[in-house]
Amino acid sequence: MASRSNSLAAADWLLLVATLPTDDAAARMRVLRTLETLGVAVLRDGVYVLPGSAGNKSSLDSLANYVRRFGGMAHVLDAQTKDLEKTNEFYALFDRGAKYDELKRDIASLQAAFGVSDPRSIAAVLAKQRQTFDAISALDFFASPLKAETERLLQEMESKIQGLTYTDSRPTNTQGN
């Protein structure tokens, strides 16, 4: 991930410090799934970080309340990195570049199926890749430069598939008129 400029030496973060409930395995799993859904980075066991924002604060506060209801301990803390090096370390925790690269490879690999597979089958796979892109984008807190590149590739492939699907679904004149 590219370094942030000196103007971003200080950055705001939210920390969730938690001991998850041990008596209720289902509640524990719900907490862990929610943490994953929120896109948290793990600093160490029981310490999770998100970029500081009102939406993230609200989400972590709700999760902390849930953890406490089920017998765990949870605190949401405001934090700030004070120097460029530490800020860049935290930004790197949220680098989605590898996920975009993997998705770009998957999208590009669909090109080999053109002319071999049914365009509707390719379109179904591409729709799942669009969902994957949307999920990655939702957690791309710092707008990776690969986001736009991946979206462009996805849109190009969607256009190609749409052209093939439209061509394959046009009615043909079988009566010789």
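Conventions used here
The numbers attached to residues start from 1 for each chain and follow its sequence in the written order. Where local features are concerned, this predicted model is filtered to residues with pLDDT of at least 70; where side-chain atom pairs are given and counted, the filter is 80 or more; whole-chain, interface and lining totals use all residues. Hydrogens and water molecules were not included; the side-chain quantities draw on all heavy atoms of the structure. A run of H or I in DSSP becomes a helix once it reaches four residues, and a run of E becomes a strand once it reaches two; helices and strands are each numbered from the N terminus. Three labels apply to residues, based on accessible area from a 1.4 Å probe with only protein chains included: buried if under 20% of the type maximum, exposed if over 50%, partly exposed otherwise in between. Note on definitions: a residue-residue contact is assigned when non-hydrogen atoms from the two residues lie within 4.5 Å. Residue burial considers only the protein chains on display, and all accessible areas are found by Shrake-Rupley using a 1.4 Å probe. Multiplying 1.5 Å by the residue count of a helix minus one yields the expected span of that helix. Summarising the geometry, the arc corresponds to the directions from the helix axis toward the C-beta atoms.

Asker: Looking at this structure, how should I read the overall build of the chain?
Answerer: What the chain contains, in helices and strands, is six helices and four strands. Helices and strands appear in the chain in the N-to-C order β-α-β-β-α-β-α-α-α-α. Across the 177 residues in the chain, those meeting the buried criterion constitute 36%. The long-range fraction of contacts in the chain, counting pairs at least 24 apart against all pairs at least 6 apart in sequence, stands at 77%. Taken as a whole, the chain presents about 10600 Å² of accessible surface, with 52% of it coming from carbon and sulfur.

Asker: So what exactly am I meant to see when it comes to helix H2 (residues 54–69) here?
Answerer: Two residues of an α-helix separated by three or four positions point the same way, owing to the 3.6 residues in each turn. Over its 16 residues, H2 runs 23 Å from end to end, which matches the ideal 22 Å to within 8%, given 1.5 Å per residue. Residues of H2 that are buried include every one of Asn56, Leu60, Leu63, Ala64, Tyr66 and Val67, and no others. The buried residues of H2 occupy an angular sector of 160 degrees when the element is viewed end-on, so they sit on one face. Opposite its buried face, H2 presents the exposed residues Ala54 and Arg69, each directed more than 90 degrees away. Looking at the buried side of H2, the elements it contacts are strand E1 (11–19), helix H1 (25–38), strand E3 (47–51) and strand E4 (73–81). With its phi angle positive at about 90 degrees, Gly71 sits one or two positions after the end of H2.

Asker: So what exactly am I meant to see when it comes to the environment of Leu38 here?
Answerer: Secondary-structure assignment places Leu38 in helix H1. Taking the relative accessible area as the measure of exposure, Leu38 reaches 16% and is therefore buried. Leu38 sits 101 residues away from Leu139 along the chain, and the two C-alpha atoms are 7.3 Å apart. The residues touching Leu38, leaving out its near neighbours within four places in the chain, are Leu50, Ser59, Leu60, Leu63, Leu139 and Phe141.

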